[in-house]
Amino acid sequence: MIILSTGGTIAGEQPNTDQAGYISGKIPIEELLKNIPSITQKTTVQGEQISAIGSNYMTVDIWLKLARRINEIFANNEADGIVITHGTDTQEETAYFLSLTVNSDKPVVLTGSMRPATALSSDGSKNLYDAIVVAIDPNSKEKGIMVSFNEKIYSAKNVVKINTTSTNAFASPNIGPIGEVYDGKVTFNIQSHKRNSDFMPFDISKIDSLPKVEIVYAYADASNIAIDALINANTPGIIIAGTGGGSFSKAILESAQNATKKNIMVVRSSRVVSGKVHSVYIGDFEDAKNGTIASDDLNPQKARILLMLALTITQDKDKIQEMFLTY
């Protein structure tokens with residue numbers, strides 16, 4: 001078992017243990033593992049530091065580094081499973097990126113904490129212990145990338161951070177958790193599914209960067225200032241975090257139509273926490289008419305990731321739409 005640490009609150013250190021303020025990523029993974037000595041009775045654990053940052057500072061460069069290292073570990077049979085310690089702010093994004101780029105059916109489990117390692121009631125050690133237990137469980141194979149948090153197990157595609165401070169910070173609004181871990185025992189729900197056998201991850205082995213994709217947030221009477229700035233900057237892709245089922249103001253709609261005429265990929269997503277943005281939409285937001293793409297069940301931040309990866313291999317709108325319906 002290899003633990004890849006990226007930093008985050010789980011490795012956070014604070015000057016006063018009874019106060020909320022702390023600095024992310026200060027404590028190395030070796031120190032965190034000392035807090036769960038009983039895990040050595042279950043598996044051999046080796047720690048490796050990838051980065052030491054708060055996940056609000058997560059970058060595409062670190063994503064690529066992390067995905068390459070995971071693929072290398074599994075290709076060389078260095079481990080049967082991997083746990084990643086990660087800040088919670090962008091944990092769902094990293095998990096989804098890895099679900100599209102890791103080429104193995106072996107388990108990869110992300111976890112973190114809402115309270116720093118030095119806090120009076122830190123949740124990090126328990127979450128780390130549970131994540132390791134999930135990663136070594138035989139039934140975790142072929143489940144894809146997972147997030148283990150607060151005794152629940154979530155799929156990378158569906159997990160969302162839902163609270164800014166609570167230890168019960170994650171959920172999967174569309175499908176719920178795929179399992180749970182309690183008292184060292186892992187249980188997967190009957191409805192949890194394996195990764196599709198014909199799934200082909202995006203090959204990032206020779207990619208040093210990804211096309212720039214930005215997000216525009218929609219709201220009542222939203223102006224076109226932000227989206228026009230992105231169009232003028234020749235941004236390859238734009239995600240619109242729309243209202244409801246992927247709608248937005250007339251000003252943004254006009255600019256979105258202008259963007260697609262300039263071969264900029266525009267994806268309609270939604271700021272709503274659950275549900276889908278359908279590709280068949282009658283009226284002003286009909287994708288076939290506007291040249292836009294529907295995000296299906298991907299929220300804006302995950303839609304951005306898929307579009308970045310999609311643009312590395314195609315500029316065909318129909319093919320990219322099919323990816324959104326598949327991944």
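Only a predicted model underlies this, so the values are computations on that prediction, with no experimental measurement involved.

Student: Any chance you could break down unusual backbone geometry for me, citing the residues and the numbers?
Tutor: Across the chain, the bulk of peptide bonds are trans and the bulk of non-glycine residues have phi less than zero. Although it is not a glycine, Asn 234 sits at a positive phi angle of roughly 55°. Within the element layout of this structure, Asn 234 appears in the loop between helix 5 (225-232) and strand 12 (237-242). Here Asn 234 falls in the exposed class, since its relative accessible area comes to 63%. Of note in the backbone geometry, Asn 263 takes a positive phi value of approximately 65° without being a glycine.

Student: Describe in detail the packing of aromatic side chains, supporting the description with residues and values.
Tutor: Taken as a whole and assessed by the stated rule, the structure comprises 4 aromatic pairs. With a centroid separation of 5.8 Å and an interplanar angle of 65°, the aromatic rings of Phe 202 and Tyr 327 are classed as edge-to-face. With Phe 202 in the loop between strand 10 (185-188) and strand 11 (213-217) and Tyr 327 in the segment after helix 9 (317-326), the pair connects residues that are 125 residues apart, well separated along the chain. The exposure classification of Phe 202 matches that of Tyr 327, with both residues buried. When the ring centre of Phe 188 is taken as reference, the NZ or CZ atom of Lys 143 above it lies at 4.5 Å.

Student: Any details on the sheet that holds strand 12? Residues and values, ideally.
Tutor: On the basis of which strands lie adjacent, the open sheet formed by 4 strands has the order 11-12-13-14 and parallel pairing. The sheet is open, and its two borders are formed by strand 11 and strand 14 (293-294), each paired with just one other strand. In this sheet, strand 12 lies alongside strand 11 in parallel orientation, the contact comprising 5 bridges. In the strand pairing of strand 12, Ile 215 is matched with Ile 239. Against the sheet, helix 5 engages strand 11 and strand 12, with an angle of about 170° to strand 12. Relative to the sheet, helix 8 (residues 300-310) contacts strand 11, strand 12 and strand 13 (265-270), its axis offset from that of strand 12 by approximately 160°.

Student: Give me the lowdown on the UniProt feature "domain: Asparaginase/glutaminase C-terminal" (unreviewed entry) in the chain, citing residues and values where you can.
Tutor: Within this structure's numbering, the places UniProt gives as "domain: Asparaginase/glutaminase C-terminal" (unreviewed entry) are residues 212-324. Counted over residues 212-324, helix gives 38% and strand 17%. Its end C-alpha atoms are 18 Å apart.

Student: Talk me through the environment of Gly 291; I want residue IDs and the actual numbers.
Tutor: Position of Gly 291 relative to the elements: it lies in the loop between helix 7 (287-290) and strand 14. Beyond its immediate chain neighbours, meaning those up to four positions away, Gly 291 contacts Thr 260 and Lys 317.

Student: Now, about the nonpolar core: what can you tell me, with residues and values included?
Tutor: Of all hydrophobic cores here, the largest spans 57 residues; its most connected members are Leu 4, Ile 70, Ile 84, Phe 97, Leu 98, Leu 307 and Phe 324. The residue makeup of this core includes at least three contributed by each of domain 1 (2-188) and domain 2 (213-326). Beyond its immediate sequence surroundings of up to four residues, Leu 307 is in contact with Val 213, Gly 237, Ile 238, Ile 239, Met 265, Val 267, Ile 320 and Phe 324. Met 1, Ala 11, Ala 131 and Phe 188 belong to the second-largest nonpolar core, a separate cluster that totals 25 residues.

Scoring rules and cut-offs
Residue positions are counted from 1 within each chain, in the order its sequence is given. The model is predicted, so local features are restricted to residues of pLDDT at least 70 and side-chain atom pairs to those at 80 or more, both for listing and for counting; the totals for chains, interfaces and linings are taken over all residues. Side-chain measures here rest on the full set of heavy atoms in the structure, leaving out hydrogens and waters. Helix numbers and strand numbers start at the N terminus; a helix is a DSSP run of H or I with at least 4 residues, a strand a run of E with at least 2. Three exposure classes are used, based on accessible area relative to the maximum for each residue type with a 1.4 Å probe and protein chains only: buried under 20%, partly exposed in between, and exposed over 50%. The pairing test for Phe, Tyr and Trp rings, Trp by its six-membered ring, is centres within 6.5 Å, and the orientation test on the planes gives stacked under 30 degrees, edge-to-face over 60, and tilted for anything in between. The rule for a charge over a ring is simple: NZ of Lys or CZ of Arg within 6 Å of the ring centre, and within 35 degrees of the ring normal. The pairing criterion is simple: DSSP has to find at least two bridges between the two strands. Residue contacts follow a heavy-atom distance rule, with two residues in contact if any of their heavy atoms lie within 4.5 Å. Angles shown run from 0 to 180 degrees and are taken between the N-to-C directions of axes, each axis being a line fitted to C-alpha atoms and, for helices, limited to the stretch in contact. UniProt positions are given in the numbering used here, feature names are shortened, and annotations may be inferred rather than shown by experiment. Nine residue types can take part in a nonpolar core, namely buried Ala, Val, Leu, Ile, Met, Phe, Trp, Tyr and Cys, and a core is a set of them joined through side-chain atoms within 4.5 Å. Domain start and end points were adopted from an automatic or database domain assignment.

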